[in-house]
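Residue-level structure breakdown
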Amino acid sequence: MSEQVSAEEIEEMRESFQKIDVDGNGYICASELGDLFHEVGTPLPGYQIRELLQKLDRDQDSHISFEEFTAVFQELKDDRATSGFRKALNKKEGIVAIGGTSEISSEGTQHSISEQERFAFANYINASLEKDPDCKHVLPINPNTSDLFKAVADGIVLCKLINMSVPDTIDERTINKKKLTAFTTQENLNLALNSASAIGCQVVNIGAQDLKEGKPHLVLGLLWQIIKIGLFANIDLSRNEAMSALLEEGESLEEMMKLNPEELLLRWANFHLKGVGMSLSNFSGDIKDSKAYYYLLDQIAPDGSKEDVPRVQIDTSGLYEQDLRKRAESMLTEADHLGCRQFVTATDVVTGNAKLNMAFIATLFNKHPALTKPENQEWNLESESREERTFRNWMNSLGVSPYVHHLFYGDLQDAMVILQLYEKSKVPVDWNSRVNHPPFKGVGGGHLKKMENCSYCVELGKEKAGFSLVGIGGQDLYDGNPTLTLALVWQLMRRYTLNLLENLGDGEVAGDDLIVSWVNKTLAEAGKTSSIKSFKDKEISTSLPVLDLIDAIQPRSVNFELVKKDNFTDEDKLDNAKYAISMSRKIGAKVYALPEDLVEVNPKMVMTMFACLMGRGMKRA
């Protein structure tokens, strides 16, 4: 399919699929297709809906997965029903069709952008960065115009938003803030894109020039990814013990960990709505009348029992307003009393904009969770390790599907993500005859089919990739064995990183020795005094070899007045490492290593960092 469908079209298909899949369960059903056509004023008779489903539903399970959707995309391009489907998408309220906005799509592809998202993100940025002196030149952004797309063009706002979502990702000292030129703007955008990738955003099809030109669908897509990561940061059982209050009868913490943030957010809302006999199953249709929102606000509003947190009285009289838009507006006035009037307008509520309403509910959770950890609750969950987080962010930045929230609680259990990583690491995968595709049916939720996929992953590693997988079997991947799963994932990441160095050098196979040799040669040729013996060299803990190498690759890029050079304390080393990581990304190296990896001299991540810098340096040559 990759030979027939461009990356741009795949992105469009994914956007379209998500627009239809309003309940977020990963599948399209007849009712969701029918509701969409009805909402946009072009209802289709039941038989036409069934005909369209029959075309898409190749395994006849009455559900359409994204894989099925993409598999028949080509043959449906000229189909009359598909034409109507595309027309309906573009007529959906708040959606504007724009002409091709990239090199690939310049031949006529159209992308749909949401005016509602543009409005919401502009207001969010205004509220979040209004006091930041570095953003005064673009704030406030007029949400009713296309100013948002111009505001991100110099990279400063993007860098600030990334640090809001994941604090300390970018060293502020590396952001170019004054007297910007085309070159320094390019550096800011490199820094923003590579840092976004490092926190798990997919930026594969986005370049600095796209952001500089303010291409709407790419800007909105990137902003949503950055904002969503920040919104969901604390909707995680391993980081927030109070969420154990949401455990259902007979459910274990481990079972609850398998829920993704969207599912946890719904459970949280239903936890508070239970007392009034209400529940939500989605972020769209179920909230259109604002009733659930009124009751939720009333339940989570501070009651004055906590010191320094005054009581907030929610006025629910707006429930009796018959006009749904006026009712929604009254509800949002009450949300404002909680400091939570973000992301949605009254129109977004009554039209059921799933994405923005999910963001609104996430804001309510983050500011007023109103949860207390049950007494005598045994807590045996370990927080995600730094290594796990790095691997997870690397996977997500490559655009694997589904999105990986946890490495060891089911997200890798069917091996579909690992198989995608093999393919991205240039290991051929036999998708047709060796891979079992979701949805998995049968005993134990398709246990045997998932196990077959896991065993195939081990087979690929041993026979095609040359990995060292002694003592690792398919059962280990299926069970989520942390040590053995990480052993495979690390080798995949290493192979992917070394692929960046293909065709470089004098025909030598890229490996540790070649990288170390290149680093030392580059440092020497630039007149630097530092060098490294291996990726375990203790000198790396100072970050001086890394900073010297960055300056050798891009002369005069490092401000050595900001670098500590001797008598290092642990704080000095960390300070240097933060600067080195951000500078690497700023000059164009897609680095996933963290400052702590340099300070502790983690050989694995140190290797990936020097390999990425080598790839950047060889491009210069």
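Keep in mind the model is a prediction, meaning the values are calculated, not measured. (Residues numbered from 1 in each chain as written. Predicted model: local features only at pLDDT ≥ 70, side-chain atom pairs only at ≥ 80, totals over all residues. Heavy atoms only, no water.)

Re the overall build of the protein chain
- Assigned secondary structure in the protein chain consists of 28 helices and two strands.
- Of the contacts formed within the protein chain by residues at least 6 apart in sequence, a portion of 60% connects residues at least 24 apart.
- About 28,600 Å² of surface is accessible on the protein chain, with carbon and sulfur atoms providing 47% of the total. (Helix = DSSP H or I, 4+ residues; strand = E, 2+ residues; numbered from the N terminus. Contact = heavy atoms within 4.5 Å. Areas by Shrake-Rupley, 256 points an atom, 1.4 Å probe, with all protein chains shown as cover.)

Considering helix α26 (residues 570-586)
- Taking 1.5 Å as the rise per residue, α26 with 17 residues should run 24 Å; its terminal C-alpha atoms sit 24 Å apart, in good agreement.
- Regarding α26, the residues found buried are Asp572, Asn576, Ala577, Tyr579, Ala580, Ile581, Ser582, Met583, Ser584, Arg585 and Lys586.
- Gly588 sits one or two positions beyond α26 and adopts a positive phi of about 110 degrees. (Expected span 1.5 Å × (residues − 1). Buried < 20%, exposed > 50% of the residue type's maximum accessible area, 1.4 Å probe, protein only.)

What to know about the nonpolar core
- With 93 residues, the main nonpolar core has Phe121, Ile125, Leu158, Leu222, Leu265 and Trp268 as its most contacted residues.
- No other element matches the ten residues that helix α12 (residues 216-231) contributes to this core.
- Discounting chain neighbours no more than four positions away, the residues touching Ile125 are Glu130, Leu139, Ile141, Leu148, Val157, Leu161 and Leu223.
- Listed in part, the 79 residues of the second largest apolar core include Leu488, Trp518, Ile532 and Ile581. (Core = buried A, V, L, I, M, F, W, Y, C linked by side-chain atoms within 4.5 Å.)

Description of the packing of helix α24 (residues 512-525) against helix α25 (residues 544-553)
- Across the interface, α24 lies against α25 with an axial gap of 9 Å and an inter-helix angle of 65 degrees. Between α24 and α25, the crossing angle belongs to the class labelled roughly perpendicular. Relative to α25, α24 is oriented so that their crossing is left-handed. Taken together, the residues of α25 that come into contact with α24 (itself represented by Trp518, Val519, Thr522 and Leu523) are Pro545, Asp548, Leu549, Ala552 and Ile553. (Axes fitted to C-alpha atoms, helices over the stretch in contact; angles between N-to-C directions. Parallel < 35°, antiparallel > 145°, perpendicular 65-115°, else oblique. Left-handed = near helix turned anticlockwise from the far one by under 90°.)

Side note on the packing of helix α20 (residues 416-424) against helix α21 (residues 447-463)
- It is at 9 Å that the axes of α20 and α21 come closest, and there the two elements cross at 25 degrees. Taken as axis vectors, α20 and α21 run roughly parallel relative to one another. Helix-helix and strand crossings are classified by hand; for α20 and α21 the assignment is left-handed. Residues Met416, Ile418, Leu419 and Tyr422 of α20 form the contact with α21, whose own contacting residues are Asn453, Tyr456, Cys457, Leu460 and Gly461.
- For the contact of α20 with α21, the class distribution of residues is seven nonpolar, two polar and no charged. (Nonpolar A, V, L, I, M, F, W, Y, C, P; charged D, E, K, R; others polar.)

Quick look at the pattern of salt bridges
- The final tally for this structure, using the stated rule, is 25 salt bridges.
- Two residues, Arg494 and Asp512, come together in a salt bridge whose shortest N-O distance is 2.7 Å. Here Arg494, found in helix α23 (residues 482-499), pairs with Asp512, found in helix α24; they are 18 residues apart in sequence, far enough to count as distant.
- By relative accessible area, which is 31% here, Asp512 ends up partly exposed.
- Salt bridges sharing partners connect three or more residues here, namely Asp132, Asp134, Lys160, Glu172 and Lys177. (Salt bridge = Lys/Arg side-chain N within 4 Å of Asp/Glu carboxyl O.)

Thoughts on the side chain of Glu388
- With respect to the helices and strands, the residue Glu388 is situated in helix α19 (residues 386-397).
- Within the buried set, Glu388 has no salt-bridge partner at all; the shortest N-O distance to an opposite charge, 7.5 Å, is to Arg392.
- In contact with Glu388, not counting residues within four places along its chain, are Leu407, Phe408 and Leu486. (Lys, Arg positive; Asp, Glu negative; His and termini not counted.)

Some remarks on the packing of aromatic side chains
- A complete count under the given rule lists seven aromatic pairs for this structure.
- Centroid distance Tyr124 to Phe343: 5.0 Å. Interplanar angle 25 degrees. Geometry classified as stacked. Taken together, the residues Tyr124 in helix α7 (residues 115-129) and Phe343 in the loop between α16 (324-337) and α17 (346-351) connect sequence positions 219 residues apart. The residues Tyr124 and Phe343 share a single accessibility class, namely buried. (Phe/Tyr/Trp six-rings, centres within 6.5 Å; stacked < 30°, edge-to-face > 60°.)

Considering the side chain of Asn353
- As for its placement among the helices and strands, Asn353 is situated in the loop between α17 and α18 (354-367).
- Of note is the side chain of Asn353, whose polar atom sits 3.1 Å from the side chain of Gln116. (Polar contact = N/O pair within 3.5 Å; in protein donor to acceptor, adjacent residues only side chain to side chain.)

A look at the environment of Ser584
- Of note, Ser584 is situated in helix α26.
- Each C-alpha atom of the pair Ser584 and Asp551 lies 9.7 Å from the other, and the pair is 33 residues apart in sequence.
- Residues contacting Ser584, with those up to four places away along its chain left out, are Val546, Ile550, Ala589, Val591, Met609 and Leu613.

Observations concerning α16
- Taking 1.5 Å of rise per residue, 14 residues should cover 20 Å, and α16 covers 20 Å from first to last C-alpha, within 8% of that figure.
- Looking only at α16, the buried set comprises Arg327, Ala328, Met331, Leu332, Glu334 and Ala335. End-on view of α16: buried residues confined to an arc of 155 degrees, all on one side of the axis.
- Residues of α16 that are buried in the fold lie against α15 (291-300), α17 and α18.
- Two to three positions downstream of the cap, the backbone nitrogen of Arg325 sits 2.9 Å from a side-chain oxygen, assigning the N-cap of α16 to Asp323. (Arc of directions from axis to C-beta.)

Regarding the confidence of the model for the protein chain
- Residues with a pLDDT of 70 or more make up 81% of the protein chain, whose mean pLDDT is 86.
- The element-level mean pLDDT for the protein chain is lowest in helix α5 (residues 73-76), coming to 51, with helix α9 (residues 156-165) highest at 98.
- Here residues 99-109 is a poorly scored stretch, pLDDT under 50, and it has 16 contacts once near neighbours within four places are set aside; other chains count. (pLDDT = per-residue confidence, 0-100.)

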